[in-house]
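In case you want the letters, here they are:
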Amino acid sequence: MLAKLKLFLFENQTLKQTVAKNTFWLFFGQIFGRLLRTGLIIYAARVLGPSSWGAFSYVMTLVAFMTIFSDMGMGAIVTRESSKNPEFSKKYFSTAFCIKLALLAIGMPLLILGAKYFTNIPEARALMPLAALILFFDSLRNFGFVISRAKEKMQLEAVNEILTNFLITALGLLFLCLIPTSQSLAVGYLNGVAIGFLIILFTLKDHFYSSLISFDNALVKPILRDSLPFALASFLGAI
């Protein structure tokens, strides 16, 4: 029984089974990960109070929007094209990764330098440098999921989501216990997503390395063009 369950949850066998397996892992990873973080949210809101929690929440909302900007729907395009044409997967991943780094190079300074335009709250402005680092590590962590989805191994994504949210929660609680401020919470959050990125990088290190040397300039325009509908849908959903 256990052998069959292990085979079902970790091995791609038939199309129907693969779809069921990946659906289970995506659902399980998202739900369980969010449940873990709920404990941190409840505790942080009570410890920080409305003002400090509001500042942190506002900054994280900006990070969420910048994350959408830095992805521009490219993850979906790379996953789709890699599944359709596995022989071109490395070129698509490498090219999209370079585009993503360029977008992050725009988004991170925008968060820091544009802080005075985004908010008049001094506490929120002080969090912007940490927010920029959170944006960097979380965006790259999520982009690593493109590989696991193209390989149809969503269990890697689910495990990383659970581990990352566990780290965010544990470190967030630890830093809040030591120093109950919004900046302390942001530091805990940053450490959690940074370690989560390192975990996915280590897990897929061989594919990361081989993909990063396959940049194809001819794919830049097609990737950006095809990703725009996905980017628009993401922005509208976030709003």
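Model, not experiment: these values are computed from the prediction.

Details of the overall build of the protein chain
- Helices and strands together make up the secondary structure of the protein chain, namely eleven helices and zero strands.
- Along the protein chain, from the amino end to the carboxyl end, the secondary structure elements read α-α-α-α-α-α-α-α-α-α-α.
- Along the three orthogonal principal directions, the C-alpha set of the protein chain runs to about 50 × 50 × 30 Å.
- Residue pairs at least 24 apart in sequence account for 79% of intrachain contacts in the protein chain once pairs closer than 6 positions are excluded.
- Taken as a whole, the protein chain presents about 12600 Å² of accessible surface, with 71% of it coming from carbon and sulfur.
- Averaging the coordinates of the 21 positive side-chain charges in the protein chain and doing the same for the 12 negative ones gives two points 3 Å apart.

Concerning the pattern of salt bridges
- Going through the model one piece at a time under the given rule, you end up with three salt bridges.
- In this structure, Asp-138 engages Arg-141 in a salt bridge whose closest nitrogen and oxygen atoms are separated by 3.0 Å. Of this pair, Asp-138 and Arg-141 are both found in helix α7 (residues 128-150), three residues apart, which corresponds to roughly one turn of the helix. Assigned by exposure class, Asp-138 and Arg-141 land together as buried.
- For the salt bridge of Asp-226 with Arg-225, the shortest nitrogen-to-oxygen distance reads 3.2 Å.
- Using a relative accessible area of 25% as the deciding quantity, one classes Asp-226 as partly exposed.
- One salt-bridge network, held together by shared partners, links Asp-138, Arg-141 and Glu-161.

A short note on the confidence of the model for the protein chain
- Confidence in the prediction for the protein chain averages 82 pLDDT; 92% of positions are at 70 or higher.
- For the protein chain, per-element mean pLDDT is lowest for helix α1 (residues 2-10), which scores 63, and highest for helix α9 (residues 182-203), which scores 90.

A closer look at the packing of aromatic side chains
- One pass over the full model with this rule turns up seven aromatic pairs.
- Measuring from ring centre to ring centre gives 6.0 Å for Phe-97 and Phe-143, while their planes differ by 40 degrees; the resulting arrangement is tilted. Taken together, the residues span a long stretch of sequence, with Phe-97 in helix α4 (residues 89-113) and Phe-143 in helix α7 at a distance of 46 residues. Considered together, Phe-97 and Phe-143 belong to a single accessibility category, that of buried residues.
- Ring plane angle 80 degrees and centroid distance 5.2 Å describe the contact between Phe-136 and Phe-137, whose orientation is recorded as edge-to-face.
- Among the aromatic residues, those joined into a cluster by ring pairs are Trp-53, Phe-56 and Tyr-189.

Thoughts on α7
- Taking 1.5 Å as the rise per residue, α7 with 23 residues should run 33 Å; its terminal C-alpha atoms sit 33 Å apart, in good agreement.
- Glu-152 occupies a position one or two residues after α7 and carries a positive phi of about 55 degrees.

Some thoughts on the environment of Ser-82
- Within the secondary structure, Ser-82 is located in helix α3 (residues 74-84).
- Sequence separation between Ser-82 and Tyr-92 is ten residues; the distance between their C-alpha atoms is 7.2 Å.
- Among all residues touching Ser-82, those that are not within four sequence positions of it are Ser-89 and Ala-150.

Calculation rules
Residues numbered from 1 in each chain as written. Predicted model: local features only at pLDDT ≥ 70, side-chain atom pairs only at ≥ 80, totals over all residues. Heavy atoms only, no water. Helix = DSSP H or I, 4+ residues; strand = E, 2+ residues; numbered from the N terminus. Contact = heavy atoms within 4.5 Å. Areas by Shrake-Rupley, 256 points an atom, 1.4 Å probe, with all protein chains shown as cover. Lys, Arg positive; Asp, Glu negative; His and termini not counted. Charge placed at Lys NZ, Arg CZ, Asp CG, Glu CD. Salt bridge = Lys/Arg side-chain N within 4 Å of Asp/Glu carboxyl O. Buried < 20%, exposed > 50% of the residue type's maximum accessible area, 1.4 Å probe, protein only. pLDDT = per-residue confidence, 0-100. Phe/Tyr/Trp six-rings, centres within 6.5 Å; stacked < 30°, edge-to-face > 60°. Expected span 1.5 Å × (residues − 1).

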